[in-house]
Each structure stands twice: as structure tokens, then as C-alpha cells.
Amino acid sequence: MIKVEGLRKTFGGFHAVDGATLEIETGSITGLIGPNGAGKSTLFNVIAGVLPPTEGSVTMDGVDITGLPPHELFGRGLLRTFQIAHEFSTMTVRENLMMVPAMQSGETLWNAWFNRKRIVEEEAALLKKADEVLEFLTIDHLKDELAGNMSGGQKKLLELGRTMMVDAKIVFLDEVGAGVNRTLLNTIGDAIVRLNKERGYTFVVIEHDMDFIGRICDPVICMAEGKVLAEGSLDEIKANEQVIEAYLGTGLKNKKEATV
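What counts as what
- Residues numbered from 1 in each chain as written.
- Predicted model: local features only at pLDDT ≥ 70, side-chain atom pairs only at ≥ 80, totals over all residues.
- Heavy atoms only, no water.
- Helix = DSSP H or I, 4+ residues; strand = E, 2+ residues; numbered from the N terminus.
- Rg over C-alpha atoms; globule rule 2.2 N^0.38 Å.
- Buried < 20%, exposed > 50% of the residue type's maximum accessible area, 1.4 Å probe, protein only.
- Contact = heavy atoms within 4.5 Å.
- Areas by Shrake-Rupley, 256 points an atom, 1.4 Å probe, with all protein chains shown as cover.
- Lys, Arg positive; Asp, Glu negative; His and termini not counted.
- Charge placed at Lys NZ, Arg CZ, Asp CG, Glu CD.
- Phe/Tyr/Trp six-rings, centres within 6.5 Å; stacked < 30°, edge-to-face > 60°.
- Lys NZ or Arg CZ within 6 Å of the ring centre and 35° of its normal.

Enquirer: Quick question: what am I supposed to make of the overall build of the chain here?
Expert: Across its full length, the chain carries 10 helices and 10 strands. A compact globule built from 260 residues should have a C-alpha radius of gyration of about 18 Å, and the chain, at 20 Å, falls within 12% of that. The burial tally for the chain puts 48% of its 260 residues in the buried class. Here the contacts in the chain between residues at least 6 apart in sequence split such that 66% fall between residues at least 24 apart. On the chain, roughly 12800 Å² of surface is accessible, and the fraction owed to carbon and sulfur atoms is 50%. In the chain, 27 side chains carry a positive charge and 37 a negative one; their mean positions are 1 Å apart.

Put into C-alpha cells, the structure is as follows:
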């Protein structure tokens, strides 16, 4: 679905992404790992149109999407979440979901004045869909709660729910486990797997929790210093000496017991 070739992103003299080349297969849940500063989030930002690339290209389903803005990529079904959830804190959980779909009838002054029936019908459909999403994510009991009152893990579930309000094809999840307790992380993992198997979502997941990565992701891609070091199953990645050196600063010769 996604093909990245020779991607570079520089900030002054610093190469945050340095010639990264990789492919994301349709229908996969791909894990993206690497030490802090490896360039993972910057790679996500360039693919998702948040940052323009310095060099290289990104294609989606064979179409060049390099440098397209986020709203255009959103319309193509490419979505990206962030390490820190971006909820509308003074709106309810349900309202946060209902506002996601673009081009709603109520957004135009003409419809607000002369086509109230259409707006009411559309909002009723959105309300129904939002409730179905919240039930799927097992947080329907929070539908009338202000989103700002949710826990960190619940906000991550809400962000995942937003992707379900539109026809997402591929979702880039940035550190879904950050600040999330184990129980909620398992719930998030279950939701990701169900969306992948039941609705055909393709996922790319940045995460430092290797148990979580090992549970839901195959393949796994490892980055370091802006480059792609290795790709394979998690066991193959753990046995790769370049990966171990990137994490620990030493090779297997000196760290025979080392693990990622």
C-alpha cells in the first residue's frame, strides 16, 4: 500500500530521516521500532504530509503522494495519530467522533438556513455510527463524558475511534502505549487486531513496548539514526546484531545476553 524510496528529512545539518526505503503491505500490521531519536515520528510526519520531505518519494497504491497536505491524504484514507492525544477537551466523547467526517451539511450557511432536514438526518446517522464505534472500543459508557476528563489510555482509544468514523485504509499509530496502563493497552491491541481482520485496516505502529509489538505486529521494521536497519519478524529483529548495537551501543561479541 505504501512505498517509501530514498526518503530524507533534514533540519539544518541534522538528518532526521536519512535515505529511508521501505514498503508497507496492504492488510498488514507493521511495527516500527528503534531507539529514541531514530527518526520514526519524523518518518510518520513526512508520509502523512505534516512535514515536506527534503528528498525521496512516497507512493500509496502506486500513486505518488509525496508532499500532499494532511487533509488530502485524509480524503485518500491515510490517517495518523500522535504520541499525545489531540482530543477536543470541552466536547463530549461522542461529539469528538461525530465531528470527524469531512464535508458535513451543517458546515455551510446555506444548509443551516434552508436545509435543516438534511442536517438533522445526517447528524442522526453520525450519532448512530459514533455509538457503534464507542461500543466496539468498549468505552460506550463514556459517551457523554467530556473528552478532557478521560485517562490517557481512553484518549488513545478515542483517537483510534476517530479513524473508524471515516473510510480509513491505513492508519499510522505513534506510540499508542505511551502513558497507558497494561489493561487498556491490551484493549487497544485487541481493537487494532479486530479492525485489521474484520475491516481490512492496514496499520503501522510505533511502539517501545516489545511485548505489545510482538503480540500484534508482523513484520517489524527497525530504524536507527534515520535509516532502516532491518526488517522481519520480532525474533529475527532481536537476533540482528546491527539492531542490538543500535539499542545497546555494542555488538553481540560483547553482549551475548543482550536483547532488544
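Now that the structure has been shown, we can carry on.
Enquirer: Teacher, can you tell me more about the packing of aromatic side chains here?
Expert: Applying the stated criterion to the full structure yields two aromatic pairs. Between the aromatic rings of phenylalanine 44 and phenylalanine 172, the centroid separation amounts to 5.0 Å while the plane-to-plane angle is 80°, which identifies the pairing as edge-to-face. Placement of the pair is phenylalanine 44 in helix H1 (residues 40-47) and phenylalanine 172 in strand S7 (residues 170-174), with a sequence separation of 128 residues. On the accessibility criterion, phenylalanine 172 (1% relative accessible area) is buried. Over the aromatic face of phenylalanine 11 sits the side chain of lysine 9, whose NZ or CZ is 5.4 Å from the ring centroid. The ring of phenylalanine 82 carries the charged tip of arginine 80 above its face, separated from the ring centre by 4.1 Å.

Enquirer: Looking at this model, I keep getting lost on the side chain of threonine 59. Mind explaining?
Expert: Tracing the sequence through the fold places threonine 59 in strand S4 (residues 55-60). The buried category is assigned to threonine 59, whose relative accessible area is 19%.

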